[in-house]
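Analysis of the macromolecular model
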Amino acid sequence: MKNKNFEIRFHPERGTIVSIVNPNDAVEMNWCDPAEGLEWGTVINENRETVKRSVGMKTERFEETDASGVTVWSNGKLQVTVKRFFKATGNFVEEYHVKNLRDDDLFLEKTSA
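Residues numbered from 1 in each chain as written. Predicted model: local features only at pLDDT ≥ 70, side-chain atom pairs only at ≥ 80, totals over all residues. Heavy atoms only, no water.

**Some points on the pairing of strand β2 (residues 16-21)**
- Among the six residues that make up β2, six are buried, leaving the element largely enclosed by the rest of the structure.
- Here strand β1 (residues 7-11) hands over to β2 after four residues, with G15 in that stretch at a positive phi of 75 degrees. (Buried < 20%, exposed > 50% of the residue type's maximum accessible area, 1.4 Å probe, protein only. Helix = DSSP H or I, 4+ residues; strand = E, 2+ residues; numbered from the N terminus. Pairing = 2+ DSSP bridges.)

**A look at the pattern of salt bridges**
- Tallying each qualifying case throughout the model produces four salt bridges.
- A salt bridge links R14 to E39, with the shortest nitrogen-to-oxygen separation between them at 2.5 Å. Linking R14 in the loop between β1 and β2 with E39 in the loop between β2 and β3 (58-64), this pair joins segments that are 25 residues apart in sequence.
- For R14, a relative accessible area of 38% translates into the label partly exposed. (Salt bridge = Lys/Arg side-chain N within 4 Å of Asp/Glu carboxyl O.)

**A word on the nonpolar core**
- If you look at the biggest cluster of nonpolar residues, it comprises eight residues: M1, I8, F10, I17, I20, C32, F86 and F92.
- Of all the elements in the fold, those that place two or more residues in this core are β1 and β2.
- When near neighbours in sequence (up to four residues on either side) are disregarded, I20 contacts F6, E7, I8, M29, N30, W31, C32 and W40.
- V43, M57, V80 and V82 belong to the second-largest nonpolar core, a separate cluster that totals six residues. (Core = buried A, V, L, I, M, F, W, Y, C linked by side-chain atoms within 4.5 Å. Contact = heavy atoms within 4.5 Å.)

Spatial relationships are all this shows, so hold off on functional conclusions.
As structure tokens, this is what we get:
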């Protein structure tokens, strides 16, 4: 995925971003560092009170073009779709859509890593 402001590379099996580089940056600084475990957009499913019952998110689908990328993760209970694209201004945008695949109530908690 690329435009005049960003060159973005994905890990196709995980659907995460492994490189965000400004093509005009002389030192080509990468805002991600997969060697250090710093991949952008990793979706985790962890309930601190019931970690033993947590079911990890698996990548179901990944698609990429020059202008966009879509990743779908699921664990059979929850499905997360991430759409990444460039606005006409050149800004990079991510949209996260969460779908409950079961009849139970679903409660989301925003946490910091």
